[in-house]
Amino acid sequence: QVQLVESGGDLVQPGGSLRLSCAASRSIFSINAMGWYRQAPGKERELVAILTNSGITKYADFVKGRFTISGDNAKNLLYLQMNSLKPEDTAVYYCNSVRMGVVNWGQGTQVTVSS
């Protein structure tokens, strides 16, 4: 069981930047993989980016070149740096982890991109 708490969601203008954080209850090094997902109203939850404990990253096509996923093992934190934000990025963003076959989710943090 891994407890995850997201933070950093906010209201930002199009073209702006935001950094989301996910605090894990145990060392990220001990977690096989972590990721960011998002869900907009009326839509299904979708993958944004994932990071394995070996440093491999994967991104959804719609965020490549704009978002960066990273981790701080010393602080048990997962980050999502979001640049060049678009209105369609508006969604609740969720942190996810997989460890020993168990999937955990955070409660989500709201990101709203609007002028």
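Here is what the cut-offs are and how they apply
Residues numbered from 1 in each chain as written. Predicted model: local features only at pLDDT ≥ 70, side-chain atom pairs only at ≥ 80, totals over all residues. Heavy atoms only, no water. Helix = DSSP H or I, 4+ residues; strand = E, 2+ residues; numbered from the N terminus. Buried < 20%, exposed > 50% of the residue type's maximum accessible area, 1.4 Å probe, protein only. Contact = heavy atoms within 4.5 Å. Areas by Shrake-Rupley, 256 points an atom, 1.4 Å probe, with all protein chains shown as cover. Lys, Arg positive; Asp, Glu negative; His and termini not counted. Charge placed at Lys NZ, Arg CZ, Asp CG, Glu CD. Polar contact = N/O pair within 3.5 Å; in protein donor to acceptor, adjacent residues only side chain to side chain. Core = buried A, V, L, I, M, F, W, Y, C linked by side-chain atoms within 4.5 Å. Disulfide = S-S within 2.5 Å. Pairing = 2+ DSSP bridges.

Draft legend 1. Expanded view of the overall build of the chain. The helix and strand inventory of the chain stands at zero helices and 11 strands. The secondary structure elements of the chain, listed N-terminal to C-terminal, are β-β-β-β-β-β-β-β-β-β-β. Seen through its C-alpha atoms, the chain measures out along the principal axes to roughly 40 × 25 × 25 Å. Looking at the chain residue by residue over its 115 residues, the buried ones come to 38%. By sequence separation, contacts in the chain at least 24 residues apart represent 53% of the contacts at least 6 residues apart. Of the roughly 6100 Å² of accessible surface on the chain, 50% is carried by carbon and sulfur atoms. Distance between charge centres in the chain, computed from 11 positive and 8 negative side chains, equals 6 Å.

Draft legend 2. The side chain of Thr109, seen in detail. Positionally, Thr109 belongs in strand β11 (residues 109-113). Residue Thr109 is classed as buried on the basis of its relative accessible area, which comes to 10%. A distance of 3.0 Å separates a polar atom in the side chain of Thr109 from the backbone nitrogen of Gly9. Residues within four places of Thr109 in sequence aside, it is in contact with Glu6, Ser7, Gly8, Gly9, Leu20, Ala91, Val92 and Tyr93.

Draft legend 3. Summary view of the nonpolar core. Counting residues in each nonpolar core, the largest one holds 28 residues, and the members touching the most others are Met34, Trp36, Leu80, Met82 and Tyr93. At the level of secondary structure, the elements contributing two or more residues to this core comprise β3 (18-24), β4 (33-39), β5 (46-52), β7 (67-72), β8 (77-82), β9 (91-99) and β11. Looking at this core, the element that brings in the most residues is β3, giving four residues.

Draft legend 4. Spotlight on the environment of Ser97. On the secondary structure map, Ser97 appears in strand β9. As a C-alpha pair, Ser97 and Thr52 span 45 residues in sequence and 9.6 Å in three-dimensional space.

Draft legend 5. A look at the state of the cysteines. Taken as a whole, this structure holds one disulfide when the rule is applied. What pairs with Cys22 in a disulfide is Cys95, and their sulfur atoms sit 2.1 Å apart. Taking the sign of the S-S torsion, about -80° here, the bridge from Cys22 to Cys95 comes out left-handed. Taken together, the positions of Cys22 in strand β3 and Cys95 in strand β9 put the pair 73 residues apart, joining distant regions of the chain. Note on accessibility: Cys22 and Cys95 belong to one class, buried.

Draft legend 6. Broad picture of the pairing of β4. Across six bridges, β4 lies against β5 in antiparallel orientation. By the bridge assignment for β5, Trp36 is matched with Ala49. In this structure, β4 lies alongside β9, joined through seven bridges in antiparallel fashion. Looking at the pairing, Met34 lines up with Ser97 of β9.

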